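Residue strings, one per chain:
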Amino acid sequence: MKKKLLHAFDWLLLLGSTLLVCTFLGIILWDIFSKGLPAISWDFLLQYPTDGMTQGGILPAVVGTVLLTFITTLFAVPFGVACAVYLNEYAKHSLFTNIIRASIRNLAGVPSIIYGLFGLALFVQAMKLGTSVLSAGLTLGLLSLPYIIITTEEALKRIPNSMREATLALGVTQFETIKDVILPKALPGILTGVILTLSRAAGETAPILFTGVAFYINGVSTSINQEFMALPYHLYMLSTQHYAIEQVRPLAYGTAVVLITLVFLLNIVAFIIRSKYRTQD
Amino acid sequence: MEEIKLSARNLNLFFGNKQILKNLSIDFPKNQVTSLIGPSGCGKSTLLRSFNRMHDLSPDARIEGKLKMDEMDLYNKANSVTEIRKRIGMVFQKPNPLPKSIFENLSYALHIHNFPKAEIPGLIENALKESFLWDEVKEELKKPAVKLSGGQQQRLCIARTVVLRPEVILMDEPCSALDPISTRKIEDLILKLKKDYTIIIVTHNMQQAQRISDKVAFMYLGELIEFDSCENIFSNPKQELTKEYIGGHFG
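Residues numbered from 1 in each chain as written. Chains lettered and ligands numbered in written order. Predicted model: local features only at pLDDT ≥ 70, side-chain atom pairs only at ≥ 80, totals over all residues.

### Details of the packing of helix H3 (residues 59-90) of chain A against helix H6 (residues 133-157) of chain A
Residues and elements named next belong to chain A.
Logical step 1: Two numbers describe how H3 lies on H6: the axes approach to 6 Å, and their chain directions differ by 40 degrees. Put simply, H3 runs oblique to H6. The handedness of the crossing between H3 and H6 comes out as right-handed.
Logical step 2: Here the contact of H3 with H6 is built from residues that sort into 21 nonpolar, eight polar and three charged. (Axes fitted to C-alpha atoms, helices over the stretch in contact; angles between N-to-C directions. Helix = DSSP H or I, 4+ residues; strand = E, 2+ residues; numbered from the N terminus. Parallel < 35°, antiparallel > 145°, perpendicular 65-115°, else oblique. Left-handed = near helix turned anticlockwise from the far one by under 90°. Nonpolar A, V, L, I, M, F, W, Y, C, P; charged D, E, K, R; others polar.)

Here it is in structure tokens:
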């Protein structure tokens, strides 16, 4: 009887912790959505900010964030996947490759503001790309690389060796095996990791702060060497830097809703891919 | 005198510091089924996999000695690994169909090896017939191969190997994951295939070895203990160890 009670207590403790976490999440979402949803309208999504950003919409910030994420993807995904393939399929387990692996894991823990400063030094100044959506995209790409490498490597590790032996034993080269069998089979896992990483990158503020994000531009960024507006920075600016913070608060909440929804949508896509993958096995 | 297809001379194989095969010499006759038997860990699979150079991928594997197919030195740098693996096919313990359709499982390697496109459907039909699978799958060649039963998958893997017209087929316990009926079908298939191919099979099943082999090699702790015709090994083994093993006293 006593033992049973003890078990019940353990169970309550675990359940309580879970509920506590969910409660906080719920409060955050409720707070943002209840205050932000009234601000959302087609005009809000499709218009430029007007009247010193106290009126109008967030179109340039939405376009800027999408463009930025696109550049990040173009840069980080090919290099990240190639690196993971090399580490998992070709590299021998030596001291050297172990150092590479450890470095990549450490890079994933580097604070994002450091990436911002590094991007400023490398892309903006040394490579003379200026403060631009390209510089910012490349910086976010650097930030995303370690995550993409790690998740891709995990996806590749889950492919059983028998799959590799199957084609190798038919006289297929290792490269063809990877290209035609291993990567397609690992694709759902890779995509999940890529999407989750990008959804994180899309919400980053620090790395783009010095590398290209603008307080305000009058027009949608159309060229990759222009400065741009981005949702997270727009939110930061509306809530801390604006001259009439109280007045623009609904706009700030509206921006938060749009950013969160964007990230959620990406996460849902990742979730769908993952659950499809699971039923296949 | 029977013709020798595959041979190993003074083969030593190490994984790191551990020696798996010890000064092993053996000749496999052409168009016959040779079974490799012996307790787990005696090096049967390791020996099998050294012929199609599957150890190339293990960085800590080291091989000494001569391995030959006909007069070709299998480890001579001038010979391409992919060509060797095309000529020495392999079937694994667990069926490992590619995550593609039945048709693509067979066509994939044909494309890689540049077989003329027009011939591919015919080659595939032949290989599936040869592997006793055609009647079961001819209506649904586009179906994913993983949807087949375990026995069908294994016959598909054999078809995938024979479609390339190899000279030798290595089989690493091809029936150990299958039920008795599927096992029966694979055994019939092996007996039929030996007309055209030299077959070497690793098996833990003594009845199976007796049913299908022309010759049997008994290995123990990385050494070849006895190599003789199937009758001699099972009815009149010369070595005490062989007698004990096939009598079920250890292993």
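Moving on, there is more to tell.
### A look at the interface of chain A and chain B
Logical step 1: Counting residues at the interface gives 16 residues for chain A, matched by 20 residues for chain B.
Logical step 2: Mapped by element, the contributors of at least two residues to the side of chain A that touches chain B are helix H7 (161-168) and helix H8 (174-202) of chain A.
Logical step 3: Considering each element in turn, the side of chain A that touches chain B owes the most residues, six residues, to H7 of chain A.
Logical step 4: Here the side of chain A that touches chain B is built from residues that sort into seven nonpolar, four polar and five charged. (Contact = placed C-beta atoms within 7 Å.)

### Examining the confidence of the model for chain B
Logical step 1: Overall, the predicted model of chain B reaches an average pLDDT of 93, with 99% of residues at or above 70.
Logical step 2: Here the complex is predicted with pTM 0.86, and the ipTM for its interfaces comes to 0.89. (pLDDT = per-residue confidence, 0-100.)

### Here we look at the UniProt feature "transmembrane region" (unreviewed entry) in chain A
Logical step 1: Listed under "transmembrane region" (unreviewed entry) in the UniProt record, and renumbered for this structure, are residues 12-33, 58-87, 107-127, 133-150, 208-231 and 251-273 of chain A.
Logical step 2: Span residues 12-33 of chain A is 100% helix and 0% strand, its end C-alpha atoms 30 Å apart. (UniProt positions renumbered as here; feature names shortened; annotations may be inferred.)

### Things to note about the UniProt feature "domain: ABC transporter" (unreviewed entry) in chain B
Logical step 1: The UniProt record marks residues 6-246 of chain B with the feature "domain: ABC transporter" (unreviewed entry), using the residue numbering of this structure.
Logical step 2: From the first C-alpha to the last, residues 6-246 of chain B spans 25 Å; its make-up is 37% helix and 27% strand.

### Structural notes on the pairing of strand S3 (residues 33-37) of chain B
Logical step 1: In terms of residue burial, S3 of chain B counts as a mostly covered element, since five of its five residues are buried.
Logical step 2: Both faces of S3 of chain B are covered, namely the face carrying Val33, Ser35 and Ile37 of chain B and the face carrying Thr34 and Leu36 of chain B. (Buried ≥ 20, exposed ≤ 12 C-beta atoms within 10 Å, placed from the backbone.)

### Re the UniProt feature "domain: ABC transmembrane type-1" (unreviewed entry) in chain A
Logical step 1: What UniProt calls "domain: ABC transmembrane type-1" (unreviewed entry) maps, in this numbering, to residues 62-270 of chain A.
Logical step 2: Split by type, residues 62-270 of chain A is 77% helix and 0% strand. Its first and last C-alpha atoms lie 21 Å apart.

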